[in-house]
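# Per-entry structural report
For reference, the chains in residue letters:
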2 protein chains.
Amino acid sequence: MVEIRTPIPVSEAIDRVQAKVRRLGSENVPLEQAYGRILAKPLIAAHDVPAFDRSPYDGFAIRAEDSAAASGENRVAFVVIDHIGAGAVSARTLGPGEAVRIMTGAQLPKGADAVVMLEQTQETPIPEAVLRAADNRTRTVGAEQTESQTESQPTSPSAAFTIRKPFAPGENVSFRGEDMREGEEILPEGSLIHPGTIALLATFGHQEIEAAKLPVVGILATGTELLEPGAALEPGKIRNSNGPMIAAQLRRMGVPCRMYAAAADRLDDMLDTVRLALGETHCLITTGGVSVGDFDLLPAVYERLGAEVLFNKVAMRPGSVTTVAVLDGRYLFGLSGNPSACYTGFELFVRPALLAMMGAEKIYPMRTRAVLGEDLGQANPFARFIRAVYDGRTVRPAGFNKSNAVSSIGRGNALILLPGGTRGFAAGDEVDVLLPGMEEGLAVWQA
Amino acid sequence: MVEIRTPIPVSEAIDRVQAKVRRLGSENVPLEQAYGRILAKPLIAAHDVPAFDRSPYDGFAIRAEDSAAASGENRVAFVVIDHIGAGAVSARTLGPGEAVRIMTGAQLPKGADAVVMLEQTQETPIPEAVLRAADNRTRTVGAEQTESQTESQPTSPSAAFTIRKPFAPGENVSFRGEDMREGEEILPEGSLIHPGTIALLATFGHQEIEAAKLPVVGILATGTELLEPGAALEPGKIRNSNGPMIAAQLRRMGVPCRMYAAAADRLDDMLDTVRLALGETHCLITTGGVSVGDFDLLPAVYERLGAEVLFNKVAMRPGSVTTVAVLDGRYLFGLSGNPSACYTGFELFVRPALLAMMGAEKIYPMRTRAVLGEDLGQANPFARFIRAVYDGRTVRPAGFNKSNAVSSIGRGNALILLPGGTRGFAAGDEVDVLLPGMEEGLAVWQA
């Protein structure tokens, strides 16, 4: 007897999987290990950024009002009363006609409200009157100051320059809080921690972050035909490539896994192994054994375990036999034993489920459009996922295209998604492309 | 005195960096740790795949010629003489009107040249004549066979079925070598090892692979204004966010790093640290200190070390002060201290250089086109790289857009690339987008 299964659309299959998500908890992770993890809390700005008004350029801090009369015919002069690098703070307050030499990133001195870029200035001798006045000041104040004097507080003007245009208050100033305001939510909970996120976390002084716990995933490749990678080929046998492939798909997400083995043709052994695996992991991925063939034991395993089968047929090629079941809140992903189908099933169902367990915001593969580089003539009532090479503009099948092909998974970097229906597709058509190699994808699956 | 630097175009800067690449050697890596590494040798098919003619479906292997007369009105019957799962090999050779029940992936029995899918068959009683003949055969042959008999060699027909259409020779057969031919180059040297590659490697039984050695990269964040992530804020200071960010950019590539520290305002200390780092790493990334400001010591460091400066100004924003030098075949990447500039400089110059050191084929960021979601009015003579959010169709700036912004690096997943020139860009324009979060990019930088 052939069991009749009713295929459901991919988007419904995805929805049924998502409906069963149970969130994992969170844990503290050192910043150096946080790349690739999911933020368990929104990232809130702990202080204004910049934390102070600062100069975005190398140049001179001035009082804008002093520059009002400047023009090409009437260059206005400033004397430089201090000289500070980034990280230093001038102890001086600018008076009329005074400037402080300032480096990129340095805090504006008191009284200053504009920055003249170095290349907007022209050196000029320090006026005699200024030198005399400074000399007097040094003699009067110098003695008292010897104790408290700092490097950033010179006692006499060091240089002078002229400018040829007026500056507006605030010109060339990075204002306190212009990038981020204290208390502002910068990233929502569920954001992927990528290198830019690390920069943000470091900016606010987080040495540890609260990240979603990682699921532990079991992998059980079933099939009486399977040899382990090291084994010599035997008649009728193939090596287990799905297990290592899924381990790498998990590794790409930073998710750890455990490998299991069971005699593929003995139900009791399969049952014991699946029970063991479910006790040690958050979900179990099996490959193979989900068809209606006489040696496909997984349907019986689900039944004996009392697992709820969410679906056992999806209107997609390859991978139509993909089955997902749930037992005690744990997923049993029954992926097809065909490598291409297995790869696709992982990206469509497993990865989004694992990301959702971590509370991630963007759980679906990045999807874009590209121009088809060659004909894909045959129409198919089922949605088709074709391993493909994408170069940012065009996409073309990665060679031999059957669900049991391995070469095309190795050669491809993308999946063409053709909707099910009555039409074929020709070179030049624009088609949907999934990019599983993209660090972070999209929040929504577009049916 | 303001030093005048001559900016060079981004593509020329990239070329100058690439011209100095020195390849690292290779090493053996266990398959489980190979994800993300670069193949040091082409991957050659060690045997045909499939290694034998096999069935892509659950069904029955038949001799196509026996089905020639089948039609809806004239169903043709077959008797099932054996029953094999994947991995098993039938000891029987098909005679006229005989079939072998066969599972997905199983090797075709001798004599068979087509597969009837299970759903294309209809059960029928085993003809009396066949049963009688089989009974005789069992009595004659049974005794001799008790020792050598295997599970895949039943002694009597187990079932029978009819079909209603003729099958062509080769129909529903996966032929030996149709996916890959022994000796064929499947992937070139320099390919990124992604999960699909792992499937290929496992298929051919590689437990270890020869991968390019990983470079070790030093990171030295300079700047008198820098506090370490754990430190409390002080007036005029900011925390070092570039160091942790670059470490994460390296980690995204699977490349290890070492952190260095030096007093940013003491030339001798900087020199000692840079020398130390160059002795312990394959290249050193510094951030900050490359401007023409009085506290920017890196130009002096390059000079004192006798390093060859490849360029010290690039016609790009942010990051125009990016400097790259080479000493004894090791790179000194002098990235801007501004976080956005630093991020961009890493993706444009450092990552391609590191990948090229590993002999990678696709060293440049994935680049695509997308519709601009908002105006970017201002024209700029320099090429602009704007941190952005890309959703597969449109792209828009990730908020506050200044080179010293941190928020936009954390919020973005892409870089808009606007060519330098006289025009601004408006919402609806199609623009270039770089995707640094894509596992593998492109082989060519498009100027």
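Everything discussed here concerns the structure shown above.
## Quick word on the overall build of chain A
Summing up its helical and strand segments, chain A has eight helices and 24 strands in all. In terms of principal-axis extent, the alpha carbons of chain A reach across some 110 × 50 × 40 Å. The 447 residues of chain A split such that 57% are buried. For chain A, the proportion of contacts with a sequence separation of at least 24, taken over those separated by at least 6, is 72%. When the 43 basic and 53 acidic side-chain charges of chain A are each reduced to a single mean position, those positions are 5 Å apart.

## Points about the interface of chain A and chain B
Between chain A and chain B, the contact holds 96 residues from the first and 96 residues from the second. Carbon and sulfur atoms make up 57% of the area that chain A and chain B hide from each other, which totals about 7600 Å². For the pair chain A and chain B, the interface holds four salt bridges. Of the charged contacts, one joins glutamate 439 of chain B and arginine 252 of chain A as a salt bridge, the two residues approaching to 2.8 Å between their closest N and O atoms. Scanning the region where chain A abuts chain B turns up 33 residue pairs in polar contact (both at pLDDT 80 or more). Counting only elements with at least two residues in the side of chain A that touches chain B, the list comes to β4 (76–84), β9 (185–187), α3 (195–203), β13 (238–239), α4 (242–253), β20 (366–372), α8 (407–411) and β24 (430–435) of chain A. In terms of residues, the side of chain A that touches chain B owes the most to one element, α3 of chain A, which gives eight residues. Its residues assigned to classes, the side of chain A that touches chain B shows 42 nonpolar, 30 polar and 24 charged.

## Let's talk about helix α5 (residues 267–280) of chain B
Residues and elements named next belong to chain B. Taking 1.5 Å per residue as the helical rise, α5 with its 14 residues ought to reach 20 Å, and the 20 Å between its terminal C-alpha atoms agrees with that figure. Considered for burial, the residues of α5 that qualify are Met270, Leu271, Thr273, Val274, Ala277 and Leu278. Of the surrounding secondary structure, the elements contacted by the buried residues of α5 are β11 (217–221), β14 (257–260), β15 (283–287), α6 (298–305), β18 (323–327) and β19 (330–335).

## Overview of the pairing of strand β20 (residues 366–372) of chain B
Residues and elements named next belong to chain B. Among the seven residues that make up β20, five are buried, leaving the element largely enclosed by the rest of the structure. When β20 meets strand β24 (residues 430–435), the two strands line up antiparallel, connected through six bridges. Of the residues in β24, the one forming a bridge with arginine 369 is aspartate 432. Bridge count for β20 against strand β22 (residues 394–397) is two bridges, and the pairing is parallel. Its bridge partner being in β22, leucine 372 is matched across the sheet by valine 395.

## Here we look at the side chain of threonine 203 of chain A
Turning to its location among the elements, threonine 203 of chain A is positioned in helix α3. Each residue touching threonine 203 of chain A, except ones within four places of it in the same chain, is listed here: His47 and Val49 of chain A together with Arg239, Ser241 and Val406 of chain B.

## Details of the side chain of asparagine 413 of chain B
Take asparagine 413 of chain B: it is sitting in the loop between α8 (407–411) and β23 (414–418). Within the local environment of asparagine 413 of chain B, its side chain forms a polar contact with the backbone nitrogen of tyrosine 390 of chain B, the two atoms lying 2.8 Å apart. With residues near it in sequence (within four places) discarded, asparagine 413 of chain B still touches Met366 and Met438 of chain A together with Ala388, Val389, Tyr390, Leu435 and Pro436 of chain B.

## Some details on the relation of the copies chain A and chain B
After a rotation of 180 degrees and a shift along the axis of 0.0 Å, chain A superposes on chain B with an RMSD of 0.1 Å. The transformation relating the two chain copies, once decomposed into turn and shift, fits a two-fold axis. For chain A, the residue whose C-alpha comes nearest the rotation axis is methionine 438 of chain A, separated from it by 2.1 Å. When the interface residues of chain A are mapped onto chain B, 100% of them are again interface residues, pointing to one common binding face.

## Notes on the packing of aromatic side chains
In total, this model carries 10 aromatic pairs over all chains according to the counting rule given. Pairwise contacts between aromatic rings join Phe60, Phe78 and Phe161 of chain A into one cluster.

## Digging into the packing of helix α5 (residues 267–280) of chain A against helix α6 (residues 298–305) of chain A
Residue and element names in this part refer to chain A. Closest axis-to-axis distance for the α5/α6 pair is 10 Å, and the angle between their directions is 60 degrees. Relative to α6, the element α5 lies oblique. By crossing handedness, the relation of α5 to α6 is classed as right-handed. Contacts from Leu267, Asp268, Met270, Leu271, Val274 and Arg275 in α5 reach Leu298, Ala300, Val301, Arg304 and Leu305 in α6. Across the contact of α5 with α6, the residue classes tally to eight nonpolar, no polar and three charged.

## Details of helix α3 (residues 195–203) of chain B
Every α-helix carries 3.6 residues per turn, so stepping three or four residues along brings you back to the same face. Residue and element names in this part refer to chain B. Of all nine residues that make up α3, nine are buried, and the element is covered over most of its length. Within α3, burial applies to Pro195, Gly196, Thr197, Ile198, Ala199, Leu200, Leu201, Ala202 and Thr203. Directly beyond the C-terminal end of α3, a positive phi value near 80 degrees is found at glycine 205.

## Concerning the environment of alanine 383 of chain A
Residues and elements named next belong to chain A. Here alanine 383 is to be found in strand β21 (residues 383–390). The class for alanine 383 is buried, based on a relative accessible area of 14%. In sequence terms alanine 383 and proline 9 are 374 residues apart; their C-alpha atoms lie 8.2 Å from each other. Not counting residues up to four positions away in its chain, the partners in contact with alanine 383 are Val10, Ala315, Met316, Arg317, Leu418, Pro419 and Gly420.

## Re the sheet that holds strand β18 (residues 323–327) of chain A
All names here are of chain A. One open sheet holds the six strands; their spatial order is β14-β11-β15-β19-β18-β16, and the pairing between them is mixed. Each edge of the sheet is formed by a strand with only one pairing partner; in this case those strands are β14 (257–260) and β16 (308–311). Strand-to-strand twist across the sheet, computed as the mean angle between neighbouring axes with direction ignored, equals 20 degrees. Across five bridges, β18 lies against strand β19 (residues 330–335) in antiparallel orientation. By the bridge assignment, threonine 323 is partnered in β19 with glycine 334. Helix α1 (residues 10–18) rests against β16, β18 and β19 of the sheet, and its axis sits at about 150 degrees to β16.

## Some remarks on the sheet that holds strand β7 (residues 122–124) of chain A
Residue and element names in this part refer to chain A. Here we have six strands laid out as an open sheet, ordered β6-β3-β5-β4-β8-β7, and mixed in their pairing. Looking at the sheet topology across the chains shown, the edges are occupied by β6 (114–117) and β7. When the angles between neighbouring strand axes are averaged without regard to direction, this sheet yields 40 degrees. Bridge count between β4 and strand β8 (residues 159–163): five bridges; the pairing is antiparallel. Pairing of valine 80 across the sheet is with alanine 159, part of β8.

## A closer look at empty space enclosed by the protein
Enumeration over the complete set of coordinates arrives at five cavities of 30 Å³ or more. Approximately 130 Å³ is the volume found for the largest cavity. As for the largest cavity, its lining consists of 16 residues, of which Tyr343, Gly412, Asn413 and Ala414 of chain A together with His194 of chain B are closest to the centre. Elements represented by at least two residues in the lining of the largest cavity include exactly β21, α8 and β23 (414–418) of chain A.

## Focus on the pairing of β4 of chain A
Residues and elements named next belong to chain A. Burial within β4 is extensive, with seven of its nine residues counted as buried. The pairing of β4 with strand β5 (residues 98–102) spans five bridges and is classified as parallel. Residue pairing across strands places valine 80 opposite alanine 99, the latter belonging to β5.

## A few points about the packing of helix α1 (residues 10–18) of chain B against helix α7 (residues 339–357) of chain B
Residues and elements named next belong to chain B. α7 packs onto α1 with a crossing angle of 30 degrees between their chain directions and a minimal axis gap of 10 Å. Note that α1 runs across α7; the crossing there is right-handed. Here Val10, Ala13, Ile14, Val17 and Gln18 of α1 come into contact with α7, specifically with Leu348, Phe349, Pro352, Ala353 and Ala356. Grouping the constituent residues of the contact of α1 with α7 by class yields nine nonpolar, one polar and no charged.

## Details of the environment of glycine 289 of chain B
Residues and elements named next belong to chain B. Locating glycine 289 in the fold gives a position in the loop between β15 and α6. Placed 65 residues apart in sequence, glycine 289 and threonine 224 show a C-alpha to C-alpha distance of 9.5 Å. Among residues more than four places away in sequence, those in contact with glycine 289 are Thr222, Asp296, Leu297, Leu298 and Pro299.

## Some words on the pattern of salt bridges
Taken as a whole and judged by the stated rule, the model has 42 salt bridges over all chains. For the salt bridge of arginine 23 of chain A with glutamate 189 of chain A, the shortest nitrogen-to-oxygen distance reads 3.0 Å. In this pair, arginine 23 of chain A sits in the loop between α1 and β1 (26–30) while glutamate 189 of chain A sits in the loop between β9 and α3, placing the two residues 166 residues apart along the sequence. For glutamate 430 of chain B, the salt bridge is made with arginine 369 of chain B, and the minimal N-O distance between the two is 3.3 Å. With glutamate 430 of chain B in strand β24 and arginine 369 of chain B in strand β20, this pair connects stretches of sequence that are 61 residues apart.

Reading guide: rules and limits
Residues numbered from 1 in each chain as written. Chains lettered and ligands numbered in written order. Predicted model: local features only at pLDDT ≥ 70, side-chain atom pairs only at ≥ 80, totals over all residues. Heavy atoms only, no water. Helix = DSSP H or I, 4+ residues; strand = E, 2+ residues; numbered from the N terminus. Buried < 20%, exposed > 50% of the residue type's maximum accessible area, 1.4 Å probe, protein only. Contact = heavy atoms within 4.5 Å. Lys, Arg positive; Asp, Glu negative; His and termini not counted. Charge placed at Lys NZ, Arg CZ, Asp CG, Glu CD. Buried area = accessible area lost by both parts, 1.4 Å probe. Salt bridge = Lys/Arg side-chain N within 4 Å of Asp/Glu carboxyl O. Polar contact = N/O pair within 3.5 Å; in protein donor to acceptor, adjacent residues only side chain to side chain. Nonpolar A, V, L, I, M, F, W, Y, C, P; charged D, E, K, R; others polar. Expected span 1.5 Å × (residues − 1). Pairing = 2+ DSSP bridges. Least-squares fit on C-alpha atoms with pLDDT ≥ 70 in both. Phe/Tyr/Trp six-rings, centres within 6.5 Å; stacked < 30°, edge-to-face > 60°. Axes fitted to C-alpha atoms, helices over the stretch in contact; angles between N-to-C directions. Parallel < 35°, antiparallel > 145°, perpendicular 65-115°, else oblique. Left-handed = near helix turned anticlockwise from the far one by under 90°. 1 Å grid on protein atoms, 1.4 Å probe; cavity = no way out; pocket = protein on both sides within 12 Å on 5 of 7 lines; lining within 4 Å. Points joined across faces, edges and corners; volume = space filled by probe spheres on them.

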